[in-house]
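# Results of the structural survey
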Amino acid sequence: MAIVKVPQSSRLIVTVQTGLSATGSAVFRQRSFNNLKPDSADSDVHAVGVALGGLQLYPVEEIGRIDDTQLIDQ
Amino acid sequence: MTKTLEMVFRNASGKKVTLSLADPKEDLTKAQVDVVMQEIISRNIFTSKTGELTQSVEARIRTRDAIALV
């Protein structure tokens with residue numbers, strides 16, 4: 001019995017800092033891009049995240065990806 | 001007033017696919033956006049229901065105004 005991880009969907013997330021709150025802490029917003037190929041290389045995803053971030057009004061805080069997977073008992 | 005950058009691509013089956021980015025820079029040029037769209041195509045990391053993104057079509061800024069009634 002083996003559990004296999006099967007990719008479902010992935011997203012590219014670019015987090016930007018949109019400003020400061022009334023109490024002075026940083027406010028972040030996430031820019032999410034769906035339909036990321038689950039098998040895409042992290043280096044490619046990062047490069048595109050940086051490129052997209054460069055078009056943003058706000059400074060990029062971080063670039064990440066969310067991989068949704070299913071665990072199937074085979 | 002909110003601004004959204006819309007990058008329109010064509011996919012492998014000829015359909016248009018739009019990637020949207022909220023709050024683009026104020027003074028974006030077509031050249032700047034074209035570079036990013038080419039990067040997206042060459043890195044080939046996005047797909048769509050009907051195929052991979054294969055070419056860029058256009059880029060546009062959509063502006064939305066909401067005025068509260070008082």
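See above for the structure.
Starting afresh in each chain, residues are numbered from 1 along the sequence in its written order. Lettering for chains starts from A, numbering for ligands starts from 1, and both go in the order in which the items are written. In keeping with the predicted nature of the model, local features appear solely for residues at pLDDT of at least 70, side-chain atom pairs appear and are counted solely at 80 or more, and the whole-chain, interface and lining totals rest on all residues. With hydrogens and water stripped out, all remaining heavy atoms of the structure feed into the side-chain values.

## So, the pattern of salt bridges
- Salt bridges are defined by distance alone: a side-chain nitrogen of Lys or Arg within 4 Å of a carboxyl oxygen of Asp or Glu. Counted by the stated rule, this structure contains eleven salt bridges over all chains.
- Between Arg31 of chain A and Asp23 of chain B there is a salt bridge, with the nearest N and O atoms lying 2.7 Å from each other. In this pair, Arg31 of chain A sits in strand E2 (residues 26-36) while Asp23 of chain B sits in the loop between strand E2 (16-22) and helix H1 (30-43), so the two residues belong to two different chains.
- For Arg31 of chain A, a relative accessible area of 9% gives the class buried.
- Each residue is placed in one exposure class: buried if its accessible area under a 1.4 Å probe, protein chains only, is under 20% of its type's maximum, exposed if it is over 50%, and partly exposed if it falls in between. On the basis of relative accessible area, Asp23 of chain B is assigned to the partly exposed category, the value being 22%.
- Put simply, Arg43 of chain B and Glu39 of chain B hold a salt bridge, and the shortest N to O gap is 2.9 Å. With Arg43 of chain B and Glu39 of chain B both in helix H1 and four residues apart, this pair spans about one turn of that helix.
- A residue is classified by how much of its surface remains accessible, and Glu39 of chain B, at 24% relative accessible area, is partly exposed.
- One network of salt bridges, with partners in common, ties together Glu6, Glu58, Arg60 and Arg62 of chain B. Secondary structure elements follow DSSP: runs of H or I of four or more residues count as helices, runs of E of two or more count as strands, with numbering from the N terminus.

## Side note on the sheet that holds E2 of chain B
Residues and elements named next belong to chain B.
- DSSP-based pairing: two strands are paired if at least 2 bridges between them are found. The strand order across the open sheet built from three strands is E2-E1-E3, with neighbouring strands paired in antiparallel fashion. Edge positions in the open sheet fall to E2 and strand E3 (53-64), since each of these has one partner strand only. The average undirected angle you get between the axes of adjacent strands in this sheet is 20°.
- Pairing of strand E1 (residues 2-11) with E2 involves seven bridges; the strand directions are antiparallel. Counterpart to Met7 in the pairing with E2 is Leu19. Lines fitted to C-alpha atoms define the axes, with helix axes restricted to the stretch in contact, and inter-axis angles between N-to-C directions lie between 0 and 180 degrees.

The values reported here are purely geometric and, on their own, carry no functional implication.
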